Amino acid sequence: MSINGLQKRFQSSSTAAELNQSPFDNIRQQMEDVLGNGGVMKEVVHPGEGPSVPQNASVLIHYSGFLEYSDQPFETTTHFKHPRMMKLGRDVTLPGMELGLLTMRKGEFSRFLLHPRYAYGKMGCPPLIPAAAPVLFEIQILDILDSGQVDDFVILSPVWRSTVSSTNFPWLTSFGFQEEQNMFPLCKLDEVVNTLRSFGNRCFNQSRYEKAKEHYKQGVELLGNRVRLSDAEAKKLQMALLPLYLNLSLTELRLERPRKALKYANRALDVDSSSTKALYRCGQAYLELGDNERAHDYLVKAQTRKPFDGDINNLLKTVTIAYKDSLDKEKDLYAKMFAGFKGSAEKQTNDDPSQ
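Please read all numbers here as calculations on a predicted model, not as lab measurements.

The rules behind the values
- Residues numbered from 1 in each chain as written.
- Predicted model: local features only at pLDDT ≥ 70, side-chain atom pairs only at ≥ 80, totals over all residues.
- Heavy atoms only, no water.
- 1 Å grid on protein atoms, 1.4 Å probe; cavity = no way out; pocket = protein on both sides within 12 Å on 5 of 7 lines; lining within 4 Å.
- Points joined across faces, edges and corners; volume = space filled by probe spheres on them.
- Helix = DSSP H or I, 4+ residues; strand = E, 2+ residues; numbered from the N terminus.
- Nonpolar A, V, L, I, M, F, W, Y, C, P; charged D, E, K, R; others polar.
- Buried < 20%, exposed > 50% of the residue type's maximum accessible area, 1.4 Å probe, protein only.
- Core = buried A, V, L, I, M, F, W, Y, C linked by side-chain atoms within 4.5 Å.
- Phe/Tyr/Trp six-rings, centres within 6.5 Å; stacked < 30°, edge-to-face > 60°.
- Lys NZ or Arg CZ within 6 Å of the ring centre and 35° of its normal.

(A) Region of interest: the layout of surface pockets. Estimates place the volume of the largest pocket at around 250 Å³. Counting residues per element, the ones that place at least two in the lining of the largest pocket are strand S6 (84–87), helix H5 (147–154), helix H8 (186–205) and helix H9 (209–224). Among the elements that make up the lining of the largest pocket, the one with the highest residue count is H5 (four residues). Considering only residue class, the lining of the largest pocket consists of six nonpolar, four polar and four charged. In this structure, the second largest pocket spans a volume of roughly 180 Å³. Residue lining of the second largest pocket: Glu49, Gly50, Pro51, Ser52, Pro54, Lys106, Ile144, Leu145, Asp146, Thr195 and Ser198, and that is the complete set. Secondary-structure elements contributing two or more residues to the lining of the second largest pocket are strand S3 (49–52), strand S9 (135–145) and H8. By residue number, the principal contributor to the lining of the second largest pocket is S3, which donates four residues.

Structure below.
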């Protein structure tokens, strides 16, 4: 616990009463009682902002768990390269931790002191956790994704519809599900798709490209299921598709599938023909396909829109050099072919009988 100053804080207790108390008893006095029964005590070290964590959400967190009188955590994620993403109701196994998380906000760092019945119980978790041991958790929330809202919406998707309606729930018609899905306000659909895109971005940043692709495609599918849109809603929906197509294109490039990357980049251009990123993706895909001329054309268009973009200029330089090399090789090839034809023609003339 000394890594966060708790040990020093326990040792700095000055009154006789405090010296006779245990470290957890001391810290408990400065904590808020979350449930009103002393089972989950909370101290906010650094407040967060925004709404508190919703039910069934997914949270990106760092946490460390401590036993009383211990300087070192029995479990910690602070050394992980990527923070843990945990879904409430599924991945969080301690009831006290889940109850504590529901009180937190994005960016918040708090400490929670859990009674054994809200932690590891009477039996503990040998050999790490003794029987009937209270535990202290330090938790920092880096991000909150409302995956519960995604779950509620996805359950109405055609894939789920076809599964349930053909098995145990024949009375749930496709029309009924389509109606329910379309009753969701477009702003809610936008929130669901943004959450899926955030999940995809997290997987992409961890180089889990296939999983990232799944999230992006799910977002595209949900947007495609929307019907009976006004012109304004249809335009808004199309713009929501744009970042998904761009991300899918980049993901396919990482998976070394340039033809699929080109397909999604072209779909992005169908939505916004002036999209610099879509033009850049096309240039990247054509370069991977060995078509330097087309790669050059798309990158020049992208550079026209963003002349000082470093990525565009660097790739355009690479493509220009490759394009020039290919033209030079082609020129040398034609020169050799021409020389061969010329030599053959001269040889044929010299071999002709004199007149």
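Next comes the rest of the write-up.
(B) Region of interest: unusual backbone geometry. The linkage connecting Pro126 with the following residue, Pro127, adopts the cis geometry, with an omega of 0°. Along the chain, Pro127 falls in the loop between strand S8 (109–114) and S9. Phi is positive for Tyr69, close to 70°, though the residue is something other than glycine. For Tyr69, the position within the fold is in the loop between strand S4 (58–67) and strand S5 (75–76). In this structure, Ala132 takes a positive phi of about 50° despite not being glycine. Turning to its location among the elements, Ala132 is positioned in the loop between S8 and S9. The partly exposed category is assigned to Ala132, whose relative accessible area is 45%.

(C) Local environment of the nonpolar core. Of all hydrophobic cores here, the largest spans 47 residues; its most connected members are Leu189, Leu222, Leu223 and Tyr245. With ten residues, the top contributor of residues to this core is helix H10 (residues 231–254). Listed in part, the 27 residues of the second largest apolar core include Val40, Tyr63, Met86 and Met97.

(D) Main features of the packing of aromatic side chains. Tallying each qualifying case throughout the model produces six aromatic pairs. Arranged with centres 5.9 Å apart and planes meeting at 85°, the rings of Phe74 and Phe137 form a pair that is edge-to-face. On the criterion of sequence distance, the pair formed by Phe74 in the loop between S4 and S5 and Phe137 in strand S9 is long-range, its members being 63 residues apart. Overall, Phe74 belongs to the buried group, its relative accessible area being 17%. Through successive ring pairs, a cluster of aromatic residues spans Tyr63, Phe74, Tyr120 and Phe137. We note Lys301 situated over the ring of Tyr298; from NZ or CZ to the ring centre the distance is 5.2 Å.

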